[in-house]
Every structure is written in structure tokens, then in C-alpha cells.
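One letter stands for each residue in the lines below.
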Amino acid sequence: MINRIILVGRLTRDPELRRTNNGLSVATFTIASDMRGRQADGQKTTLFITCTCWNTTADNVAKFTHKGSLVAVDGRLTQRTFERRDGGKQTVNEIICDSVQFLEPRSQEEAIASGIDDAPGYAPDPETNDDPIDVTNDDLPF
């Protein structure tokens, strides 16, 4: 059997980072992912999916994403049941993320604020780049 899910969507709120009693990081967030096509009335159908990640992935998600961030999650679908405070049972489907990819470049302000100048997705200002690129037609593979 295969249980693998990959989704792309935007965070609906800032991720919530917690620590277990053993000191492990766990982050929970929800992404909104539009389905292809439209309903009969022309409206998009949007799924809201709860995601959980652990350890370094959780720390990075909490540090580098926020409400509105575009991410791709890769993981497995789980289902858990718990008892609510009123005594009723609640079933929740969620993705346990093995990886979370940040799909938007960081803004220059975010990179400077976190002290990272060479973060993935961060492009320096081309106006200040003095290194010329010398490419001849012989260097191109096509």
C-alpha cells in the first residue's frame, strides 16, 4: 500500500510551534489548496488541510513561513480520533509532513532581519552585482 500526498497551498494562519515533554519541536499549520475546475455557480472549491511537521522541519516552518506563504508539503495522510470536552468523538484527517518546500523567494527585509544573505530563493540586487558574466555561443549546449 502507498500512502503519499503532495499538496501546494498557502498558509491560512501563522504556524504554531510547540515542544513535547522530550524537547521535540512540532509545528501545526493549515494550508488552503484550490481544486481544479469550478462549481456549477462558478465558485472555486478550496480545501483546508491541517499539516503537522516535526523536529528541524518544524523549526524551519515556524521561522521562515507566515500566513499567506506558498508551500508544497510532502508527507502521509493520517486520521486520528479523540474525545471532545463535551464527550463526543471527533475524527481529524491531517498530513504528517516529511518535507515542506518554501515556494516563494524571501523578501530582502526578511532575509536581512534573520541575518541570512544567501538564503535559497534570495536574489541579490542585480544593480549592485559587479561580476560580469562572459558567455560565448561556444559555451552554450544548443
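Computed from a predicted structure; not experimentally measured. (Residues numbered from 1 in each chain as written. Predicted model: local features only at pLDDT ≥ 70, side-chain atom pairs only at ≥ 80, totals over all residues. Heavy atoms only, no water.)

**Remarks on the nonpolar core**
- One finds Phe29, Ile31, Cys51, Val73 and Cys97 to be the most contacted residues of the largest nonpolar core, which totals 15 residues.
- At the level of secondary structure, the elements contributing two or more residues to this core comprise strand 1 (5–11), strand 3 (25–38), strand 4 (44–54), helix 1 (55–64), strand 5 (70–83) and strand 6 (89–102).
- Ignoring sequence-local partners within four residues, the contact set of Val73 consists of Ile5, Ile6, Leu7, Phe29, Ile31, Cys51, Ile95, Cys97, Ser99 and Val100. (Core = buried A, V, L, I, M, F, W, Y, C linked by side-chain atoms within 4.5 Å. Buried < 20%, exposed > 50% of the residue type's maximum accessible area, 1.4 Å probe, protein only. Helix = DSSP H or I, 4+ residues; strand = E, 2+ residues; numbered from the N terminus. Contact = heavy atoms within 4.5 Å.)

**With respect to the side chain of Ser33**
- Among the secondary structure elements, Ser33 is positioned in strand 3.
- A polar atom in the side chain of Ser33 sits 2.9 Å from the backbone oxygen of Val8.
- Not counting the four nearest positions on each side in its chain, Ser33 is found in contact with Leu7, Val8, Gly9, Thr45, Thr46, Leu47 and Ile49. (Polar contact = N/O pair within 3.5 Å; in protein donor to acceptor, adjacent residues only side chain to side chain.)

**Description of the environment of Met35**
- Here Met35 shows up in strand 3.
- Considering only alpha carbons, one finds Met35 and Thr45, 10 residues apart in sequence, at a separation of 5.6 Å.

**Some details on the state of the cysteines**
- Inspection of the entire model under this criterion finds 0 disulfides.
- Cysteine Cys51 remains unbridged, with the sulfur of Cys97 as its closest cysteine sulfur at 4.4 Å.
- For Cys51, a relative accessible area of 0% translates into the label buried.
- Overall, Cys97 belongs to the buried group, its relative accessible area being 5%. (Disulfide = S-S within 2.5 Å.)

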